[in-house]
Every structure is written in C-alpha cells, then in structure tokens.
Amino acid sequence: MDIYFQGSKLERICNDQSQRIRTYGPVCGKLIGRRLDQFRAVANLNMVGLLPQMRCHELKGDRKGTLAVDLEHPYRLVFEPANEPVPRKSDGGLDWTNITAIRVLAVEDYHD
C-alpha cells in the first residue's frame, strides 16, 4: 500500500524514528513506525482490517470519510483513502478491498 502524508512536517516526523520518539514518546513512536510498516506490507486496506492489533475502523460524524488505527492509548493514527476517486461500495461506504493508498492526516487523541 502506498502512504502519503498531509504535510511535509508530519512526513518527516513519521519517517524518522528519532523524531517520532522525540515527538510522541518511545512507545507511541515505535508503534507509529510499526503501523506504517504494516500498511506498506499489504496490498489494500481490507488486509489491514485482518490484523486485530491495529483495530482499523472508520470514523463517524464530522470525521466521516476518515479512518484510524490504534497506537498507545489514547492516541490513534488518523488517515483517509488517497485513491482518486475514493473507492466506494454500492451503498456509499468505503470499499476497503480497492483502497490501495492512504494519506496520513494526524497522530492524535480525538476522544476529547
């Protein structure tokens, strides 16, 4: 799967282990790297859904159209499909099988 980033600063942090650890701490920093490696190792988002430790899920409400995977509680890696056009099922939901690229939007605690 291809991975893009919302901005160059986020890309620099996420792709450099020492910056990830400095920014998010040792546990969360290592998990971000692991999650990105797991995304790169699969062909589509449906395969990510088969990895229970990631707990990949679609977000609702004002975050509809975005997804998240677990990091160190309460942090999540938030992303969106980067395919153009975004693959959709006939019911309008995301077609995880045909999502082959993502754009990382943030690492955050969106539960507040």
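Quick caveat, the model's predicted, so the values are computed rather than measured.

Thresholds, definitions, all that
- Residues numbered from 1 in each chain as written.
- Predicted model: local features only at pLDDT ≥ 70, side-chain atom pairs only at ≥ 80, totals over all residues.
- Heavy atoms only, no water.
- Core = buried A, V, L, I, M, F, W, Y, C linked by side-chain atoms within 4.5 Å.
- Buried < 20%, exposed > 50% of the residue type's maximum accessible area, 1.4 Å probe, protein only.
- Helix = DSSP H or I, 4+ residues; strand = E, 2+ residues; numbered from the N terminus.
- Contact = heavy atoms within 4.5 Å.
- Polar contact = N/O pair within 3.5 Å; in protein donor to acceptor, adjacent residues only side chain to side chain.
- Disulfide = S-S within 2.5 Å.
- Axes fitted to C-alpha atoms, helices over the stretch in contact; angles between N-to-C directions.
- Parallel < 35°, antiparallel > 145°, perpendicular 65-115°, else oblique.
- Left-handed = near helix turned anticlockwise from the far one by under 90°.
- Nonpolar A, V, L, I, M, F, W, Y, C, P; charged D, E, K, R; others polar.
- Lys, Arg positive; Asp, Glu negative; His and termini not counted.
- Salt bridge = Lys/Arg side-chain N within 4 Å of Asp/Glu carboxyl O.
- Pairing = 2+ DSSP bridges.

1. Section: the nonpolar core
Phe 39 and Leu 45 are the most contacted members of the largest nonpolar core, which has 26 residues in total. Here this core gets five residues from one element, more than from any other, and that element is helix α3 (residues 26-40). Setting aside residues up to four positions removed in sequence, Leu 45 forms contacts with Met 1, Phe 39, Cys 56, Leu 67, Phe 79, Trp 96 and Ile 99.

2. Description of the side chain of His 57
On the secondary structure map, His 57 appears in strand β2 (residues 57-58). Within the structure, the side chain of His 57 is placed 2.6 Å from the backbone oxygen of Arg 55, a separation counted as a polar contact. Ignoring sequence-local partners within four residues, the contact set of His 57 consists of Leu 67, Ala 68, Asp 70, Arg 76, Trp 96 and Tyr 110.

3. Here we look at the state of the cysteines
Counted by the stated rule, this structure contains zero disulfides. In this structure Cys 28 is not part of a disulfide, and its nearest cysteine sulfur, from Cys 14, lies 9.6 Å away. In this model Cys 56 remains outside any disulfide bridge; the closest cysteine sulfur is found in Cys 14, 16 Å from its own. The class of Cys 56 is buried, set by a relative accessible area of 15%.

4. Considering the packing of helix α2 (residues 17-24) against α3
At a minimum axis distance of 7 Å, the contact between α2 and α3 shows a crossing angle of 135 degrees. The orientation of α2 with respect to α3, classified from their angle, is oblique. The chirality of how α2 crosses α3 is right-handed. From α2, Gln 17, Arg 20, Ile 21 and Tyr 24 reach across to α3, where they touch Pro 26, Cys 28, Gly 29, Lys 30, Ile 32 and Gly 33. Among the residues forming the contact of α2 with α3, the class breakdown is five nonpolar, three polar and two charged.

5. As for the side chain of Arg 20
Position of Arg 20 among the secondary structure elements: in helix α2. Despite being buried, Arg 20 has no salt bridge partner; Asp 37 is the closest side chain of opposite charge, sitting 6.7 Å away. Setting aside residues up to four positions removed in sequence, Arg 20 forms contacts with Ile 13, Cys 14, Asn 15, Gly 25, Gly 29, Ile 32 and Gly 33.

6. Regarding the sheet that holds strand β5 (residues 101-108)
Read from one edge of the open sheet, five strands run β1-β5-β4-β3-β2, paired in mixed fashion. Every interior strand has two partners, whereas the edge strands, β1 (2-5) and β2, have only one. Summarising the sheet, β1 and β5 pair through four bridges and their orientation is parallel. Residue Phe 5 lies in a different strand from β5, and its bridge partner there is Val 104. Those strands touched by helix α1 (residues 8-15) are β1 and β5, and its axis lies near 130 degrees from that of β1.

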